[in-house]
Amino acid sequence: MAVLLLLPVLATACVFSVGVGLWVVCSHFLTADIPAAIGHPVKLRVFHCLLQLLVTWGMIFEKLRLCSMPQFVRFVHDLMPLKKYPDLEIKDLQFGTIPVRLYQPKASSNALRPGILFYHGGGAVLGSLRTYHDICCHLSKETDSVVLAVEYRRLPKHSFPVPVKDCMAVTVLFLKSLNMYGVDPARVVVCGDSIGGGLATIICQNLVDNSDLPKIRAQILIYAALQALDFRTPSYAQNKNVPLLSLNFAFYCWFAYLDISPSWKSTVLKGAHLPVEVWEKYRKWLGAENLQERFKKRDYLQIPLEPLNEAAYLETNLVLDVQNSPLIADDEVVSRLPEACIVSCEYDLLRDHSLLYKKRLEDLGVPVTWHHMEDGFHGVLNTLDMGFLYFPCSTRILNAVVHFIEGL
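The notes below deal with the structure included here. (Residues numbered from 1 in each chain as written. Predicted model: local features only at pLDDT ≥ 70, side-chain atom pairs only at ≥ 80, totals over all residues. Heavy atoms only, no water.)

Within the chain, the secondary structure is distributed over 14 helices and 8 strands. Since a compact globule built from 408 residues should have a radius of gyration of about 22 Å, the 22 Å found for the chain is in line with a globular shape. Its C-alpha atoms put the chain at 70 × 55 × 40 Å along the principal axes. Counting across all 408 residues of the chain, residues that qualify as buried make up 55%. A sequence separation of at least 24 residues applies to 78% of the contacts in the chain between residues at least 6 apart. In the structure as shown, the chain presents an accessible area of about 18,000 Å², 60% of it carried by carbon and sulfur atoms. For the chain, the centre of its 38 positive side-chain charges and the centre of its 39 negative side-chain charges are spaced 4 Å apart. (Helix = DSSP H or I, 4+ residues; strand = E, 2+ residues; numbered from the N terminus. Rg over C-alpha atoms; globule rule 2.2 N^0.38 Å. Buried < 20%, exposed > 50% of the residue type's maximum accessible area, 1.4 Å probe, protein only. Contact = heavy atoms within 4.5 Å. Areas by Shrake-Rupley, 256 points an atom, 1.4 Å probe, with all protein chains shown as cover. Lys, Arg positive; Asp, Glu negative; His and termini not counted. Charge placed at Lys NZ, Arg CZ, Asp CG, Glu CD.)

The subject of this paragraph is the packing of aromatic side chains. Taken as a whole, this structure holds 15 aromatic pairs when the rule is applied. Ring centres of Phe231 and Tyr236 lie 5.2 Å apart, and the angle between their planes is 55°; on these two criteria the pair is classed as tilted. A single burial state applies to Phe231 and to Tyr236, both of which are buried. On the basis of an interplanar angle of 80° and a centroid distance of 5.7 Å, the ring pair of Phe251 and Trp254 is categorised as edge-to-face. Remark: Trp254 and Phe251 occur in helix 8 (residues 247-258); sequence separation between them is 3 residues, near one turn of the helix. (Phe/Tyr/Trp six-rings, centres within 6.5 Å; stacked < 30°, edge-to-face > 60°.)

Among the 5 residues of strand 4 (residues 146-150), 5 are classified as buried, and the element is accordingly described as predominantly covered. With burial as the criterion, each face of strand 4 is covered, one bearing Val146, Leu148 and Val150 and the other bearing Val147 and Ala149. As paired elements, strand 2 (residues 98-105) and strand 4 share 4 bridges and run antiparallel to each other. Paired with Tyr103 across the bridge in strand 4 is Val147. Of the strand pairs in this sheet, strand 3 (residues 113-119) and strand 4 are connected by 5 bridges, and their pairing is parallel. Within strand 4, the position partnered with Gly115 by the bridge is Val146. (Pairing = 2+ DSSP bridges.)

The next thing to look at is the packing of helix 2 (residues 41-63) against helix 3 (residues 69-77). Direction vectors running N to C along helix 2 and helix 3 enclose 135°, while the axes themselves pass 8 Å from each other. One element, helix 2, and the other, helix 3, form an angle in the oblique class. Handedness of the helix 2/helix 3 crossing: right-handed. Residue-level inspection shows Leu54, Val55, Trp57, Gly58, Met59, Phe61 and Glu62 of helix 2 in contact with helix 3, the latter providing Met69, Pro70, Phe72, Val73 and Val76. Partitioned by chemical class, the residues of the contact of helix 2 with helix 3 number 10 nonpolar, 1 polar and 1 charged. (Axes fitted to C-alpha atoms, helices over the stretch in contact; angles between N-to-C directions. Parallel < 35°, antiparallel > 145°, perpendicular 65-115°, else oblique. Left-handed = near helix turned anticlockwise from the far one by under 90°. Nonpolar A, V, L, I, M, F, W, Y, C, P; charged D, E, K, R; others polar.)

This next bit is on the sheet that holds strand 5 (residues 183-193). Taken together, the 8 strands give an open sheet; going across it, the order is 1-2-4-3-5-6-7-8, and neighbouring strands pair in mixed fashion. Each having just a single partner strand, strand 1 (88-95) and strand 8 (368-377) make up the two edges of the open sheet. Averaged over all adjacent pairs, the angle separating strand axes in this sheet is 20°, with direction ignored. Two strands pair when backbone bridges link them, and strand 5 and strand 6 (residues 218-222) are joined in this way by 5 bridges, in the parallel orientation.

Among the 11 residues of helix 4 (residues 133-143), 8 are classified as buried, and the element is accordingly described as predominantly covered. Taken as a whole, helix 4 has its buried residues at His133, Ile135, Cys136, Cys137, His138, Leu139, Ser140 and Thr143. Where helix 4 terminates, the next one or two residues include Asp144, which has phi positive at roughly 50°.

On to the side chain of Glu151. Within the secondary structure layout, Glu151 lies in the loop between strand 4 and helix 5 (162-176). Residue classification places Glu151 among the buried residues on the basis of a relative accessible area of 15%. Side-chain polar atoms of Glu151 contact the side chain of His120, separated by 3.0 Å. Within the structure, the side chain of Glu151 is placed 3.3 Å from the backbone nitrogen of Leu129, a separation counted as a polar contact. Look past the residues within four positions of Glu151 in its chain and what remains in contact with it is Ile98, Pro99, His120, Ser128 and Leu129. (Polar contact = N/O pair within 3.5 Å; in protein donor to acceptor, adjacent residues only side chain to side chain.)

Note on soluble globular proteins: their nonpolar side chains tend to be buried together. Phe118, Tyr119, Leu139, Ile220, Ile222, Trp254 and Ile397 are the most contacted members of the largest nonpolar core, which totals 133 residues. Per element, the largest residue contribution to this core is 9 residues, and it comes from helix 8. Residues contacting Trp254, with those up to four places away along its chain left out, are Ala228, Phe231, Ile260, Val268, Thr316 and Val319. (Core = buried A, V, L, I, M, F, W, Y, C linked by side-chain atoms within 4.5 Å.)

Where side chains of opposite charge bring their charged atoms close, a pairing between them can arise. Scanning the model with the defined rule gives 21 salt bridges in all. Lys91 serves as the salt-bridge partner of Glu89, at 3.4 Å between the closest nitrogen and oxygen. In this structure, Arg101 engages Asp92 in a salt bridge whose closest nitrogen and oxygen atoms are separated by 2.6 Å. Judged by its relative accessible area of 8%, Arg101 falls in the buried class. (Salt bridge = Lys/Arg side-chain N within 4 Å of Asp/Glu carboxyl O.)

We now examine unusual backbone geometry. Here the amide bond leading from Phe160 into Pro161 is cis, since omega sits at 10°, within 30 degrees of zero. Tracing the backbone shows Pro161 in the loop between strand 4 and helix 5. Its identity as a non-glycine residue notwithstanding, Asp299 has a phi of 50°, on the positive side. One can find Asp299 in the loop between helix 10 (276-286) and helix 11 (310-316). Note on Asp299: relative accessible area 60%, which makes it exposed.

Structure below.
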C-alpha cells in the first residue's frame, strides 16, 4: 500500500525533473551565443547547459529553503573524483581557520623553489579547492613550484570583504613561513582567475608598503575581475550571452557579493548609480577610448549616461572601494606593483578589465606580459582535465603561465 501511495509522488517528481531539464535546454542550450571563432560549439553548449541545470536546481532548492544555490552547486561539482599526481606531495592544512591546500614536488631540490599563492575564481559562488585541484597540480609540477591554494569563505554566508580578508591573512602567514616550505623569498607570485585574479591584484596592492614581508615577485591575472563600477564597456555588450559567464549571472554574483538589491540592475547598466563627477574622474582609466579599436568593432554602441539615481548611489557606492575595484587604485600604488602576466579572452564578459588594467600598468612603467586568447571564453582554464569538455585554449593558457613563471 505504501508503495502505491508513493507512485504518484515519484511520477510527479519525474515529470517535474524532465520539465526542468527541458526548460534549461530551451532557455540556455538553444539560445546561448556561441561565437564562430570558438571551436567545438556543441561541446560548449553542453557544458553551459550542465552548469545552468545545476544553477537552476540550486535556485529551486533555495526557494524550497532546503539549501542555497551556491551550496548546492558546490556540493555537486565537488563530487568529481580527484586525479592522482604521484610526483607531488599534497596536503590539506589550516592557516588559522582558513582551509588551504599545499602542493609540493616530491623530488628533492638543492635550490629553493618558486612559491605560488593561488586564489580560485567562481564569483564567490562557484569554485573550490577541488575544482582547481588539477590546475594547481599542473602549476606545481610543470614549474617545480610550491603552490598554496586558498579556500576563502564564500557566499551565501560570507560576502565582501570576507574573501579579501581571508586571502590577505593566508598570504601574510605564508610569506612569514617560506623557509618551512623551501620557497625562495625572491620568487613568490600571486595568481588567480576571475574573482581570484581580482583578489591577487588587491593583495599585491595591499602589500606595496609592507617592508616586513618578502616582496611579491609577480602577479598572474587570468581573465580577472578588476572593477565593479562600469558595465558599459564593449565586452559587456559583445559577450553578454556567451558561456560560461553571462551578464545575468555576473550580476547575480555582483549583487550577492556586495549585498546590493537586484532591483538596481537596470540603473547600474545605464550608469545612473554613480555621479557624473565620478565617471569623469575615472574615465581616464575606464573609458572605451583606452581600448584598441579592434576591440570596439563588434556589436558595440556607447551607452549615454543617465541622470544620477541618489538611492542607487547610496547602496552601490562601495564599488568605489579599491578592495572591490583595484583597477581604479591610485597611480602611486599601481606604479610600484610587480611585473604582471595578464591573460585575456576575446569572448569573455570581463575581457576589458584585463585590457584596461594592462594599459594602466604599462602607462606607469610596470612590465606586462600579455596573452590574448582569440578563441577564449570565461572559465575555459577549468576545462583543462575535463575529458570530453576539454578545450585546447586551456592548455595554451597554462603553458603561457608556466613559461612566465620559469622566466622569473
